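# Reading the structure
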Amino acid sequence: MKKTNPVARKFLVFQHNEWEVPGEYVFKSAAKNNVLLDVCRVWEEKIPSLSPYDCLMVLGGGPNVDQEDVYPFLTEEKRVIRQSLAEDRPYLGFCLGHQLLAEAMGAEVGPNHQASIGFITGFVTHNGYNHPVLANLPCCLPIFKWHRYAVQEPLPRHLEILLTSRECQIEAISVVNRPHIVGFQFDNQSAAPNDVAKWLIHDREWLNSLPDPVNPGKVLSAAEKCSQETGCEFELIFDNYLRTIENMA
């Protein structure tokens with residue numbers, strides 16, 4: 001008898017600029033798990049109804065969370081994110097998506113004590129060890145950073161920190177007793193060398209505006225050096241996340 005594929009899950013993906021697309025590791029993990037990624041370019045497209053989707057995935061991008069005057073699409077995006085959370089829909093945020101989640105849940109977002117660019121070491125917290133999305137990860141792992149704003153402490157009591165680093169206190173969060181709602185300050189979904197090379201080119205102007213210089217060759221070399229590790233660990237995170245969603249039923 002011919003085996004049938006499981007019913008595909010559908011993720012609605014919010015993209016915030018032309019070049020910061022879902023990364024190579026996302027596409028590989030989604031294809032492996034029969035997940036359809038429906039990308040909405042929120043700066044130029046109307047956001048569709050959430051009802052057909054199993055998850056809302058929100059990527060990073062140029063805006064800061066408080067820049068509705070510069071990026072008017074943020075107003076509607078924030079409304080939809082609040083709706084998604086109120087409906088208890090699975091949510092997976094990266095960088096800006098992480099910060100938008102935190103703000104919607106009552107946390108403050110503002111300038112980090114430093115810009116955080118390139119590859120650093122992230123450390124799993126006690127809460128992270130007990131969180132299903134981080135199951136079987138090592139206690140420390142390379143994380144790909146691209147931001148200067150961050151979620152601020154103290155967090156509301158209904159949020160918990162899953163990862164931390166020396167450069168940014170809050171590297172990942174989840175909602176207490178709602179493990180299907182997760183935000184990552186880092187961008188490991190786009191940590192493949194080809195993605196990193198594109199980011200270095202397309203975001204050159206922003207990188208040059210930072211007070212501390214960024215060495216593109218060093219960042220790309222780090223991406224190549226840890227590519228196998230970051231790829232395998234992102235695949236594990238994505239697999240864990242899908243299993244967490246399945247356990248909601």
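Here we summarise the structure given alongside this text. Keep in mind that what you see is a predicted model, and the values were worked out from it rather than measured.

### Re the pairing of strand β9 (residues 178-184)
By the criterion of burial, β9 is predominantly enclosed, with five of the seven residues buried. The pairing of strand β4 (residues 91-94) with β9 spans four bridges and is parallel. Along β9, the bridge assignment pairs Phe 94 with Phe 184. Note: strand β8 (residues 172-175) against β9, four bridges, orientation antiparallel. Residue pairing across strands places Ser 174 opposite Val 182, the latter belonging to β9. With antiparallel pairing between neighbouring strands as the criterion, β8 and β9 make up a hairpin whose turn holds two residues, including Asn 177 at a positive phi of roughly 65 degrees.

### Quick look at unusual backbone geometry
In this chain, Glu 153 is followed by Pro 154 through a cis amide linkage whose omega measures 0 degrees. Structurally, Pro 154 is set in the loop between β6 (140-151) and β7 (159-164). The phi dihedral of Asn 34 is positive, around 60 degrees, even though this residue is not glycine. Of the residues examined, Asn 34 reaches a relative accessible area of 24% and is grouped as partly exposed. Residues other than glycine seldom take positive phi values, yet Cys 95 does so here, at roughly 55 degrees.

### Digging into the state of the cysteines
All told, the structure shown has zero disulfides when counted by the stated rule. Cys 232 takes part in no disulfide bond, and the closest cysteine sulfur, belonging to Cys 226, lies 11 Å away.

### Observations regarding the pattern of salt bridges
Applying the stated rule across the entire model yields twelve salt bridges. Linking Glu 76 and Arg 79 is a salt bridge whose minimum nitrogen-to-oxygen distance equals 2.7 Å. Linking Glu 76 with Arg 79, this pair stays in helix α2 (residues 73-86), spanning three residues, or about one helical turn. The class of Glu 76 is partly exposed, set by a relative accessible area of 36%. For Arg 79, a relative accessible area of 39% gives the class partly exposed. Between Lys 145 and Glu 171 there is a salt bridge, with its nearest N and O atoms 2.7 Å apart. With Lys 145 in strand β6 and Glu 171 in the loop between β7 and β8, this residue pair connects regions lying 26 residues apart in the sequence. Each of Glu 18, Arg 41 and Glu 44 takes part in one network of salt bridges that share partners.

Reading the values: the criteria
Residues numbered from 1 in each chain as written. Predicted model: local features only at pLDDT ≥ 70, side-chain atom pairs only at ≥ 80, totals over all residues. Heavy atoms only, no water. Buried < 20%, exposed > 50% of the residue type's maximum accessible area, 1.4 Å probe, protein only. Helix = DSSP H or I, 4+ residues; strand = E, 2+ residues; numbered from the N terminus. Pairing = 2+ DSSP bridges. Disulfide = S-S within 2.5 Å. Salt bridge = Lys/Arg side-chain N within 4 Å of Asp/Glu carboxyl O.

None of this, on its own, says anything about what the molecule does.
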